[in-house]
Amino acid sequence: EDNQRGQKAGAILIGTRIDGAWVSERVAPASLTERSRFGASVAISDGVIAVGARNDSRWGELAGQVWILERSFGAWSVTQQVAPPVPEPLGRFGSAVALDGDTLVVSSNSDEVEQGKVHVFRRDVDEGFVHVVTHLSGRDSDTRLFGSQLALEGNMLAVSDIESEAVWLFSAPFTEAPARLES
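Small disclaimer: the values here were computed from a predicted structure and weren't measured.

Visitor: I keep staring at the overall build of the protein and nothing clicks. Help me out?
Guide: Along its length, the protein carries 0 helices and 14 strands. Traced from its N-terminal end to its C-terminal end, the protein shows the element sequence β-β-β-β-β-β-β-β-β-β-β-β-β-β. Scored against the burial criterion, the 183 residues of the protein give a buried share of 46%. Long-range contacts, defined as pairs at least 24 residues apart, comprise 41% of the intrachain contacts of the protein with a sequence gap of at least 6. Only carbon and sulfur atoms are counted for the fraction: they give 48% of the accessible area of the protein, which is about 9200 Å².

Visitor: How do you make sense of empty space enclosed by the protein when you look at a structure like this?
Guide: Inspection of every chain in the model, using the stated rule, returns 1 cavity of 30 Å³ or more. If you add up the space inside the largest cavity, you get close to 50 Å³. Taken together, the residues that form the lining of the largest cavity break down as 4 nonpolar, 3 polar and 2 charged.

Visitor: Help me understand the packing of aromatic side chains in this model?
Guide: The full count for this structure, using the stated rule, is 2 aromatic pairs. Pairing Phe38 with Trp67 gives two aromatic rings, centres 5.4 Å apart and planes at 85°, and the pair type is edge-to-face. Pair noted here: Phe38 is in the loop between β2 (21-27) and β3 (41-45) and Trp67 is in strand β5 (residues 65-72), with a separation of 29 residues, a long-range link. Considered together, Phe38 and Trp67 belong to a single accessibility category, that of buried residues. Considering the side-chain rings of Phe93 and Phe121, the 6.2 Å spacing of their centres and the 75° angle between planes classify their relative orientation as edge-to-face. Of this pair, Phe93 sits in strand β7 (residues 93-100) while Phe121 sits in strand β9 (residues 117-124); the two residues are 28 residues apart in sequence, bridging distant segments of the chain.

Visitor: What is the right way to look at the sheet that holds strand β12 (residues 156-161) in this model?
Guide: For sheets, the rule is that strands pair by backbone hydrogen bonds, running either parallel or antiparallel. Taken in spatial order, the 4 strands of this open sheet run β11-β12-β13-β14, and their pairing is antiparallel. Only two strands of the sheet have a single partner each, and these edge strands are β11 (146-153) and β14 (179-182). Within the sheet, the average angular offset between the axes of one strand and its neighbour, ignoring direction, is 25°. In this structure, strand β13 (residues 166-171) lies alongside β14, joined through 4 bridges in antiparallel fashion. By the bridge assignment for β14, Trp168 is matched with Arg180.

Visitor: Just checking my understanding: could you explain the nonpolar core for this structure?
Guide: Burial of nonpolar side chains together is a common tendency in soluble globular proteins. By size, the foremost hydrophobic cluster in this structure holds 15 residues, and its most contacted members are Val105, Val118, Leu150, Leu157, Val159 and Phe170. Contributing elements (two or more residues each) for this core: β7, β9, β11, β12 and β13. Among all residues touching Leu157, those that are not within four sequence positions of it are Val105, Val118, Ala151, Leu152, Trp168, Leu169, Phe170 and Phe174.

Visitor: Where do I start with the sheet that holds β5 in this structure?
Guide: Spatial ordering of the open sheet is given by β3-β4-β5-β6, a layout of 4 strands whose pairing is antiparallel. In the strand order of this sheet, the two ends are held by β3 and β6 (75-82), each with one partner. Pairs of neighbouring strands in the sheet enclose a mean axial angle of 25°, with direction left out of account.

Visitor: In this structure, what is going on with the pattern of salt bridges? I would like to understand it.
Guide: In this structure the tally under the stated criterion is 4 salt bridges. The shortest N-O distance in the salt bridge between Arg71 and Glu25 comes to 3.8 Å. Taken together, the residues Arg71 in strand β5 and Glu25 in strand β2 connect sequence positions 46 residues apart. Here Glu70 and Arg123 are joined by a salt bridge, their closest N and O atoms 2.6 Å apart. Of this pair, Glu70 sits in strand β5 while Arg123 sits in strand β9, placing them 53 residues apart in sequence.

Scoring rules and cut-offs
- Counting from 1, residues in each chain are numbered in the order their sequence is written.
- The predicted origin of the model limits local features to residues at a pLDDT of at least 70 and limits the giving and counting of side-chain atom pairs to 80 or more, whereas totals for whole chains, interfaces and linings rest on all residues.
- As a convention, hydrogens and water are excluded, and side-chain values are obtained from all of the structure's heavy atoms.
- Helix and strand assignments come from DSSP, with helices taken as H or I runs of at least 4 residues and strands as E runs of at least 2, each series counted from the N terminus.
- Exposed residues in this analysis have more than 50% of their type's maximum accessible area, buried residues have under 20%, and partly exposed residues fall in between, with area computed by a 1.4 Å probe over protein chains only.
- Any two residues having at least one pair of non-hydrogen atoms within 4.5 Å are treated as being in contact.
- What sets the accessible areas is the Shrake-Rupley method with a 1.4 Å probe; for residues, cover comes only from the shown protein chains.
- Each cavity reported here is a set of points on a 1 Å grid over the protein atoms alone in which a 1.4 Å probe fits but cannot get out, each pocket an open set with protein on both sides within 12 Å along at least five of seven lines, and each lining residue one with an atom within 4 Å of a point.
- Grid points are joined across faces, edges and corners, and a volume is the space filled by probe spheres set on the points.
- Under the convention adopted here, Pro, Cys and the residues Ala, Val, Leu, Ile, Met, Phe, Trp and Tyr are nonpolar, Asp, Glu, Lys and Arg are charged, and Gly plus all remaining residues are polar.
- Note on aromatic contacts: the rings of Phe and Tyr and the six-membered ring of Trp form a pair at centre separations within 6.5 Å, being stacked when their planes are under 30 degrees apart, edge-to-face when over 60 apart, and tilted otherwise.
- Think of it this way: DSSP has to see at least two bridges between two strands before they count as a pair.
- All axes here are fitted lines through C-alpha atoms, helices being fitted over the stretch that makes contact, and every angle between N-to-C directions spans 0 to 180 degrees.
- Buried Ala, Val, Leu, Ile, Met, Phe, Trp, Tyr and Cys residues that are joined via side-chain atoms within 4.5 Å together make up what is termed a nonpolar core.
- Any Lys or Arg side-chain nitrogen found within 4 Å of a carboxyl oxygen on Asp or Glu counts as a salt bridge.

Take a look at the structure:
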């Protein structure tokens with residue numbers, strides 16, 4: 001969306017049911033950079049929303065960033081900006097996001113990098129989401145689109161790799177080698 005923050009900076013609409021009626025609230029953080037693509041990926045869990053902006057250039061050209069939103073006093077607000085653990089130009093951190101309770105998973109992938117990455121964060125009471133581990137593409141191949149899609153529920157994380165036509169399954173705490181499912 002084109003807005004006061006520049007062309008294709010992005011925004012999201014959040015619908016909330018209040019007294020039986022749906023009310024929408026538009027959120028577009030003031031710190032967005034032009035072409036951020038805020039809202040390109042979104043995940044919600046337990047009243048927390050993770051919003052990816054894979055083209056944000058705050059940490060380097062198209063390095064990406066993820067915003068954490070929480071509802072307080074009737075309005076949604078940004079409570080944390082999650083940066084790539086190691087910012088890399090063209091990394092596109094926030095290409096996909098998954099959120100379940102205190103676990104946030106974010107992918108960095110694009111045609112411009114050698115390897116896709118999946119980053120796991122845990123929520124700390126004092127520090128917000130803190131980086132725990134980064135997984136590189138597929139262990140036996142360098143695929144740029146590892147992490148194209150993410151699914152997280154409880155103790156299971158599924159990571160797609162559309163280049164190698166595989167899905168990688170991780171078990172909590174997501175630090176061990178995954179199982180690979182192929183078509």
